[in-house]
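Reading the structure
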Amino acid sequence: MSRNLTADLAAELRTRIVDGVIQPGGKLPSENTLISEFGVSRTVVRAALTRLQAEGLVETERGRGSFALTPPSDGPLAVPGVRPVATTEDRLHLLAFRMGVETEAAALAARNRTDRQLRAVGTALEAFTESAGHPAHAMKSDFEFHRAVAAASGNPYYSDCLAALGQTMIAMPRTRLMTGVEHYARDHFDQVVQEHRSILEAITDGDEAAAAAAMRSHLANSRRRFKASARPSTRQDASPSDP
């Protein structure tokens, strides 16, 4: 196997993902297509995909193919202390961290938010609600909702923290990467919409305890859903999750 061929193929696919040619949730060309397009062996193709999986850019579902994930932002990763989220363990650590940070941010938002900031949270929720069926848009608006809550806290360090994490803090739901599981994906999407709405309502009411509880519940549910998706499926067609 040529290490250069593997590196070249990985670089080409990486560029397509980062540049948005292959959108988050989009399916990569099949192994046979890549073999034909680049004139390489199946071993080279699989090695390149393995490399992209390790970078957190690709997720492969056995029997279904490989799918693009949201690429990490170039800027935030330069911030000291910020690391890429590439493994299941990384994702669970990140969710635990977010529970500590975002729960307090939501409480502060209920106390300190301005009318403009409240509208920004509502606008982000509306955009997320309308993004069903569009994974890339859903991830962006999901992130914008959490960032708007952090901004409404009135403490710029919360905003800086979420900006540094970037969209990689929002896990790409496996159900949106799979075919034949639209029912499960929509159920989980609707659950997240309702969880976001509960956060917004508590912030609107100025109820600090309720806002903190709603955010904690949302992130705890995200962790539960992600753990369920990370386990091998016991169903023939689905392993539901929607962080």
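As annotated in an unreviewed UniProt entry, the chain carries the name GntR family transcriptional repressor for pyruvate dehydrogenase complex and comes from Pseudarthrobacter niigatensis.

1. Observations concerning the packing of helix α2 (residues 31-38) against helix α3 (residues 42-54)
Contact geometry for α2 and α3: axes closest at 9 Å, N-to-C directions at 110 degrees. If you check the angle between α2 and α3, you find them roughly perpendicular. At the point where α2 passes α3, the crossing takes the right-handed sense. Where α2 approaches α3, its residues E31, N32, L34 and I35 are matched on the opposing element by R42, V45 and R46. Looking at the contact of α2 with α3 residue by residue, the class counts come to three nonpolar, one polar and three charged.

2. Focus: the environment of M169
Topologically, M169 is positioned in the loop between α7 (156-165) and α8 (182-204). Under the relative-accessibility criterion, M169 is labelled buried at 2%. In this structure the C-alpha to C-alpha distance between M169 and M139, which are 30 residues apart in sequence, comes to 9.5 Å. Beyond its immediate stretch of four places on either side in the chain, M169 contacts R91, L94, R98, E102, F143, H146 and L162.

3. Considerations on the packing of aromatic side chains
All chains considered together, the criterion is met by one aromatic pair. Both rings, one in F128 and one in F189, keep their centres 4.8 Å apart while their planes meet at 35 degrees; by these two values the pair is tilted. Remark: F189 occurs in helix α8 and F128 occurs in helix α5 (residues 115-129); sequence separation between them is 61 residues. Exposure remark for F189: the relative accessible area of 3% places this residue in the buried category.

4. Some thoughts on the confidence of the model for the chain
In this model, the chain carries a mean pLDDT of 81, and residues with pLDDT of at least 70 account for 79%. Ranking the elements of the chain by mean pLDDT puts strand β1 (residues 58-61) last, at 82, and α5 first, at 96. In the predicted structure, residues 74-80 sits below a pLDDT of 50 and forms eight contacts with residues beyond four places in sequence or in another chain.

5. Focus on the nonpolar core
Of all hydrophobic cores here, the largest spans 20 residues; its most connected members are V121, F145, V149, I199, I203, A211 and M215. Looking at this core, the elements with two or more residues in it are α4 (88-112), α5, α6 (135-152), α8 and α9 (208-230). Other than its neighbours up to four places away in sequence, M215 contacts E102, T103, A106, H146, V149 and I199. Judged by nonpolar contacts, the second largest core, of 16 residues, contains A10, I22, L34 and V45.

About the thresholds
- Residues numbered from 1 in each chain as written.
- Predicted model: local features only at pLDDT ≥ 70, side-chain atom pairs only at ≥ 80, totals over all residues.
- Heavy atoms only, no water.
- Axes fitted to C-alpha atoms, helices over the stretch in contact; angles between N-to-C directions.
- Helix = DSSP H or I, 4+ residues; strand = E, 2+ residues; numbered from the N terminus.
- Parallel < 35°, antiparallel > 145°, perpendicular 65-115°, else oblique.
- Left-handed = near helix turned anticlockwise from the far one by under 90°.
- Contact = heavy atoms within 4.5 Å.
- Nonpolar A, V, L, I, M, F, W, Y, C, P; charged D, E, K, R; others polar.
- Buried < 20%, exposed > 50% of the residue type's maximum accessible area, 1.4 Å probe, protein only.
- Phe/Tyr/Trp six-rings, centres within 6.5 Å; stacked < 30°, edge-to-face > 60°.
- pLDDT = per-residue confidence, 0-100.
- Core = buried A, V, L, I, M, F, W, Y, C linked by side-chain atoms within 4.5 Å.

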